[in-house]
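# Structure at a glance
What follows is the residue order along each chain.
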Amino acid sequence: VDRGATMATLIGSPGTLQLASMILLCWCAYYGEPKKHGLLASERRDTAKAALASGWIPHDRISLGSLFYQAEALLRLSVRGYEATKMYDVLPAAKGFLAHALRRLGNHEEALRIAAEATVACREGLPSLLSESIAFAAYAEVLLATGHREKACEALRQGLPYVERRVATVAEKYQKAF
């Protein structure tokens, strides 16, 4: 990261600096923000936060980094919106994606709670337009990250019937089409 940021600064072209900023934001979102890159990332992070607040995304190379950096906030906002509007058919998948993002950010306690909520909703028969497997996968990943290997394996086993049902449905549709 250091060498890439230095090289982008030395090249100095706006496109190269934007690309470096995008990569840095993605890096910070995934691995956490190193203190030494705070100044370089702060302007781009502020752009990302402003974009989230206004709903406007700049049309340049920073957009991907901005969205990736703000993914957790956007997912949290989506989950709240789905809950408020009672869009329960997409809620388990949305919670699964949020739990996945929280786990990557190191917030295991909240990720575990949200993923567990999502899997309970699936097991209780909440209809889902999206694959329920993301809820079980996120639950298994956070269990594994917190040292609960057997529970993680059980979460994956519990999610398999949902995957099998989705695959069977898709296979049936394709058989009819051809």
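Residues numbered from 1 in each chain as written. Predicted model: local features only at pLDDT ≥ 70, side-chain atom pairs only at ≥ 80, totals over all residues. Heavy atoms only, no water.

### Topic: the overall build of the protein chain
Check the secondary structure of the protein chain and you find nine helices and zero strands. Reading the protein chain from its N terminus to its C terminus gives the helix and strand order α-α-α-α-α-α-α-α-α. Among the 178 residues that make up the protein chain, the fraction classed as buried is 34%. Across the protein chain, contacts joining residues at least 24 apart in sequence account for 50% of those joining residues at least 6 apart. If you sum the accessible surface of the protein chain, you get close to 10,900 Å²; carbon and sulfur atoms cover 61% of it. (Helix = DSSP H or I, 4+ residues; strand = E, 2+ residues; numbered from the N terminus. Buried < 20%, exposed > 50% of the residue type's maximum accessible area, 1.4 Å probe, protein only. Contact = heavy atoms within 4.5 Å. Areas by Shrake-Rupley, 256 points an atom, 1.4 Å probe, with all protein chains shown as cover.)

### Some words on the environment of Ala 111
On the secondary structure map, Ala 111 appears in helix α7 (residues 108–123). Judged by its relative accessible area of 0%, Ala 111 falls in the buried class. Along the chain, Ala 111 and Val 142 lie 31 residues apart, while their C-alpha atoms are 6.7 Å from each other. When sequence neighbours within four positions are dropped, the list of residues in contact with Ala 111 reads Ala 99, Leu 102, Arg 103 and Val 142.

### Let's talk about a nonpolar patch on the surface
A cluster of nonpolar side chains, Leu 160, Val 163 and Val 167, forms an exposed patch at the surface whose accessible area comes to about 230 Å². Inspection of the secondary structure puts Leu 160 in helix α9 (residues 149–177). (Patch = residues over 30% accessible without salt bridge, like charges linked within 9 Å, V, L, I, M, F, W, Y side chains within 5 Å. Salt bridge = Lys/Arg side-chain N within 4 Å of Asp/Glu carboxyl O.)

### Comments concerning the packing of helix α6 (residues 91–104) against helix α8 (residues 133–145)
Here α6 crosses α8 at 25°, and the two axes come no closer than 7 Å. Classified by the interaxial angle, the pair formed by α6 and α8 is roughly parallel. Viewed along their axes, α6 and α8 form a crossing whose handedness is left-handed. Here Pro 92, Ala 93, Gly 96, Phe 97, Ala 99, His 100 and Arg 103 of α6 come into contact with α8, specifically with Ile 134, Ala 135, Ala 138, Glu 141, Val 142 and Ala 145. (Axes fitted to C-alpha atoms, helices over the stretch in contact; angles between N-to-C directions. Parallel < 35°, antiparallel > 145°, perpendicular 65-115°, else oblique. Left-handed = near helix turned anticlockwise from the far one by under 90°.)

### Looking at the pattern of salt bridges
Side chains that differ in charge, positive against negative, can pair when their charged atoms come close. Applying the stated criterion across every chain, the model contains 10 salt bridges. Where Arg 113 meets Glu 110, a salt bridge forms, and the shortest distance between an N and an O atom there is 3.6 Å. One end of the pair, Arg 113, and the other, Glu 110, are both in helix α7, three residues apart, so they sit about a helical turn from each other. Taking relative accessible area as the criterion, Glu 110 reaches 17% and is therefore assigned buried. A salt bridge links Arg 166 to Glu 132; its shortest N-O distance comes to 3.2 Å. Of this pair, Arg 166 sits in helix α9 while Glu 132 sits in the loop between α7 and α8, and the two are 34 residues apart along the sequence. Arg 166 sits in the partly exposed class, given a relative accessible area of 25%. A single network of salt bridges, built from pairs that share partners, joins Arg 76, Glu 83, Lys 95, Glu 110, Arg 113 and Glu 117.

### Overview of α8
The end-to-end C-alpha distance of α8, which contains 13 residues, comes to 18 Å, matching closely the 18 Å that a straight helix rising 1.5 Å per residue would cover. Those residues of α8 that fall on the buried side of the exposure criterion are Ile 134, Ala 135, Phe 136, Ala 138, Tyr 139, Ala 140, Val 142 and Leu 143. Directly after α8, the chain includes Gly 147, whose backbone phi takes a positive value near 85°. (Expected span 1.5 Å × (residues − 1).)

### Quick look at the environment of Leu 98
For Leu 98, the location among the structural elements is in helix α6. According to the relative accessible area criterion, Leu 98 is buried, its value standing at 1%. Each C-alpha atom of the pair Leu 98 and Leu 75 lies 5.4 Å from the other, and the pair is 23 residues apart in sequence. Aside from chain neighbours lying at most four places away, what touches Leu 98 is Glu 72, Leu 75, Arg 76, Val 79 and Ile 114.

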